[in-house]
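Secondary and tertiary structure notes
If you want the building blocks of each chain, they are given just below.
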Amino acid sequence: MSVKMLIPQLLHKYTDNQEVVEVDGTTVNDCINALRNRYPELERWLYRNGKVATYVHIGVNQKKASVDDRVADGDEVKIMLATGGG
Amino acid sequence: MLSDDDRLRYGRQIIYPGFGDSGQGKLRDAHVLVVGVGGLGCAASMYLTYAGVGHITIIDNDSVELSNLNRQILHWEKDIGKKKPVSAANKLRRINNSIQITSLCKKVTEDNADQIIRGADVVIDGLDNFQARFVLNAACIRQRVPFIHAGVNGLVGQITTIIPGKTPCLACIYSTPPASEGTIPVFGVTPALIASLQVMEAIKLIAGFGETLEGRMLYFNGETMEFACEDLVKNPNCSVCGVGRRNLKENRK
């Protein structure tokens, strides 16, 4: 499945300034892992202890989603940071 | 006019170039609301108190628990079981008895939010979930009160300053409230740092100098020691501050 990953501005410096990156995967988690494999420096912000951080907010085709959700060919996956604790 | 005591007490900030008696007077005349008296709210209300903000209202409906004490620095072991605003106000008054501290033991809801924030000069986000933040964000937009949003998770934090009618609001940034992160890990130093930045923003807003985080989200990553800023974009169709709000209103008619 080819999926478009929409990269937040603060991470563009780690993706060679690419705002959209196409990756393959069947779940959101696969796609984020594929993105990280291509641009390993993303791990600094998106991962904690080898897993996608709980503060990574995910939207698939503009609807709220989770890392376990399945994706289909042509889907757009948007990732944002959202630290909710206080 | 500031008193002689005020000039001594706040002297080191009064001498900041361009701040002076005028800036300190603006802080003294200001009313700042801190919603949530947890990790962010404790540190924020302390620095507002030390800075001499004349009226601080702190709001929370929770009681102090042992598991709060790694980060909620106004609550001590002897306070376990007390309502957080009562515990916090007690300490704040001892830090600075020349200002007014109002404590409200209640939850901010859609029904009471507008009434609570009406008349405040600035609202500081000390909440611990996005559902409640969205309620507060919408009320701040309606009441046209600047809202200094922040949140933390582990060693990561974020902060932006929302000016109603001018900047993107929280609902422009996230079209729906981000999902709960479960039990959120936090080291006390993360909310301490981010709350300090919230008060820095409040001081600049009230006194009218410097550049604030209007239209920008500042992220801090304590694991890698990086700060990064992201430009925020207003959503013209936003359901809170954009066309979507007017459409919602018209549909209700």
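Residue indices begin from 1 for each chain and proceed along its sequence in written order. Written order determines the labels here, with chains lettered from A and ligands numbered from 1. Local features in this predicted model are restricted to residues of pLDDT 70 or higher, and side-chain atom pairs are both shown and tallied only at a pLDDT of 80 or more, whereas totals for entire chains, interfaces and linings draw on every residue.

A separate point is the overall build of chain B. Secondary structure elements are defined from DSSP: runs of H or I of at least 4 residues count as helices, runs of E of at least 2 residues count as strands, and each element is numbered from the N terminus. For chain B, the helix and strand inventory stands at ten helices and eight strands. The quantity called the radius of gyration is restricted to C-alpha atoms. Its globule counterpart is 2.2 Å times the number of residues to the power 0.38. For 253 residues, the compact-globule formula gives about 18 Å, and the C-alpha radius of gyration of chain B, at 18 Å, lands near that figure. Along the first, second and third principal axes, the C-alpha set of chain B runs to 55 × 40 × 40 Å. Within chain B, buried positions represent 47% of all 253 residues. Working definition of burial: number of other C-beta atoms within 10 Å of the residue's own, with buried at 20 or more, exposed at 12 or fewer, and partly exposed in between, all C-beta atoms being placed from the backbone.

pLDDT expresses how confident the predictor is about each individual residue, on a scale running from 0 to 100. The predicted model of chain B averages 96 in pLDDT, with 97% of residues at 70 or higher. Taken together, the chains of this predicted complex give a pTM of 0.96 and an interface ipTM of 0.95.

Attention shifts here to the interface of chain A and chain B. Each side of the interface is counted separately: chain A has 17 residues, and chain B has 33 residues. Classes in brief: Ala, Val, Leu, Ile, Met, Phe, Trp, Tyr, Cys and Pro nonpolar; Asp, Glu, Lys and Arg charged; the others, Gly included, polar. Residue composition of the side of chain A that touches chain B, by class: six nonpolar, eight polar and three charged. Each residue gets a C-beta atom placed from its backbone, and two residues are in contact if those atoms lie within 7 Å.

Residues and elements named next belong to chain A. A sheet is described by the order of its strands in space; here five strands give the open sequence S2-S1-S7-S5-S6, paired in mixed fashion. Of all the strands in the sheet, just strand S2 (20-24) and strand S6 (63-65) have a single pairing partner and so form its edges. Direction aside, the axes of adjacent strands within the sheet are offset by 35° on average. Strand pairing is assigned whenever DSSP detects at least two bridges linking the two strands. Pairing of strand S5 (residues 56-60) with strand S7 (residues 76-81) involves five bridges; the strand directions are antiparallel. Across the sheet, Val 56 pairs through a bridge with Leu 81, a residue of S7. An axis is simply a line fitted to the C-alpha atoms; with a helix, the fit covers only the stretch in contact. Between two such axes, the angle follows the N-to-C directions and lies from 0 to 180 degrees. With respect to the sheet, helix H1 (residues 28-38) is in contact with strand S1 (2-6), S2, S5, S6 and S7, its orientation differing from that of S2 by roughly 115°.

Here the focus is the packing of helix H4 (residues 39-51) of chain B against helix H9 (residues 189-207) of chain B. All names here are of chain B. Where H4 meets H9, the axes come as close as 8 Å, and the angle between the chain directions of the two elements is 45°. The pairing of H4 with H9 is recorded here as oblique in orientation. By crossing handedness, the relation of H4 to H9 is classed as right-handed. In this structure, H4 contributes Gly 39, Leu 40, Ala 43, Ala 44, Tyr 47, Leu 48 and Ala 51 to the contact, and H9 contributes Pro 191, Ala 192, Ile 194, Ala 195, Ser 196, Gln 198, Val 199, Ala 202 and Ile 203. In the contact of H4 with H9, the residues fall into 13 nonpolar, three polar and no charged. Note that the term roughly parallel is reserved for angles under 35 degrees, roughly antiparallel for angles over 145, roughly perpendicular for angles of 65 to 115, and oblique for everything else. Crossing handedness is read from the near helix: turned anticlockwise from the far helix by less than a right angle, it gives a left-handed crossing, and turned clockwise, a right-handed one.

This brings us to the packing of H4(B) against helix H5 (residues 84-95) of chain B. Residues and elements named next belong to chain B. Two elements in contact, H4 and H5, have axes whose closest approach is 9 Å; the angle formed by their N-to-C orientations is 25°. The orientation of H4 relative to H5 falls into the category roughly parallel. In the packing of H4 onto H5, the handedness of the crossing is right-handed. Of the residues in H5, those touching H4 at Cys 42, Ser 45, Met 46, Thr 49 and Tyr 50 are Ala 88, Leu 92 and Ile 95. The residue makeup of the contact of H4 with H5, split by class, is six nonpolar, two polar and no charged.

Turning next to H5(B). Residue and element names in this part refer to chain B. Taking 1.5 Å of rise per residue, the twelve residues of H5 would be expected to cover 16 Å, and the 17 Å separating its terminal C-alpha atoms lies within 8% of that figure. Taken residue by residue, H5 has Lys 84, Pro 85, Ser 87, Ala 88, Ala 89 and Leu 92 as its buried positions. In this structure, the buried side of H5 is in contact with H4, strand S2 (55-59) and strand S3 (100-104). Expected helix span is taken as 1.5 Å per residue step, with the number of steps being one fewer than the number of residues.

Neighbouring strands of a sheet are bound in pairs by backbone hydrogen bonds; such pairs are parallel or else antiparallel. Residue and element names in this part refer to chain B. The eight strands are arranged S3-S2-S1-S4-S5-S6-S7-S8 in an open sheet whose pairing can be described as mixed. At either end of the open sheet lies a strand with only one pairing partner, and these are S3 and strand S8 (226-231). Each neighbouring strand pair of the sheet contributes to a mean axis angle of 15°, computed without reference to strand direction. Here strand S1 (residues 31-35) pairs with S2 via five bridges, running parallel. Bridged to Val 35 within S2 is Ile 59. Strand contacts of H9: S1, strand S4 (122-125), strand S5 (147-153), strand S6 (156-162) and strand S7 (216-221), with the helix running at about 170° to S5, the strand carrying the most contacts.

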